[in-house]
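Chain by chain, the residues:
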Amino acid sequence: GAALACTTSSARAAVPGAGTIDLIAVTNLGDNVAFVRLGASDVAAAVTDYPIFVTQTVLLPGHIVGSPPVTHIAGITSTGAATLNIQSGLGNRAF
């Protein structure tokens, strides 16, 4: 897995196994809501993106039809900080 430290400025991390995975599990281990966006190596997050609430785990697609390959995840908070744990997997071998 990987960790992504989020603050009020957008940060990004490489998705483990990018290009060979179906699912990305993201868990918010922090004390604040984090907002995430998937994309390429230049992806940036905004506070209008997908929210991940404190202690919540969400499953996101490892690829998006009609978009460039998902290689990175970006995160941001509207206040304070949060750490996201990022795990990836393929089909029934996920996580």
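All of these numbers come straight from a predicted model, not from anything done at the bench. Position labels on residues start from 1 in each chain and follow its written sequence. Only residues with pLDDT of 70 or above have their local features reported here, since the model is predicted, and side-chain atom pairs are shown and tallied only from 80 upward, although totals for entire chains, interfaces and linings are computed over all residues. Side-chain figures throughout are based on the complete set of non-hydrogen atoms in the structure, without hydrogens or water.

Take the nonpolar core next. As used here, the term nonpolar core means buried Ala, Val, Leu, Ile, Met, Phe, Trp, Tyr and Cys residues forming a set that is joined through side-chain atoms within 4.5 Å. Using a 1.4 Å probe on the protein chains alone, a residue whose accessible area is under 20% of its type maximum counts as buried, one over 50% counts as exposed, and one in between counts as partly exposed. The biggest cluster of nonpolar side chains holds 18 residues, and the ones touching the most others in it are L4, I24, V26, L60, I73 and L84. In contact with L84, not counting residues within four places along its chain, are A2, A3, L4, C6, V26, T27, N28, A34 and V36. If you look at the next biggest cluster of nonpolar residues, it comprises five residues, including F35, V43, A45 and I76. Residues are treated as being in contact if the distance between any of their heavy atoms lies within 4.5 Å.

Strand order in the open sheet formed by four strands is β1-β8-β3-β6, and the pairing between neighbours is antiparallel. Whereas interior strands pair on both sides, the edge strands pair on one side only; in this sheet they are β1 (2-6) and β6 (57-61). Going across the sheet, the axis of each strand differs from the next one's by a mean of 25°, ignoring polarity. Strand pairing is assigned whenever DSSP detects at least two bridges linking the two strands. Counting from the N terminus, the helices are DSSP H or I runs at least four residues long and the strands are E runs at least two residues long. Where strand β3 (residues 23-28) meets strand β8 (residues 82-89), six bridges bridge the pair, whose relative direction is antiparallel. In the sheet register, I24 faces β8, and the bridge partner there is S88. Fitted lines through C-alpha atoms serve as axes, helices being fitted only where they are in contact, and the angles separating the N-to-C directions of these axes extend from 0 to 180 degrees.

This part is about the side chain of N32. Counting through the fold element by element, N32 comes out in the loop between β3 and β4 (34-39). Discounting residues that sit within four places of it in the chain, N32 has contacts with V54, T79, G80, A81 and A82.

Fair warning: the whole summary comes from geometry, so function is off the table for now.
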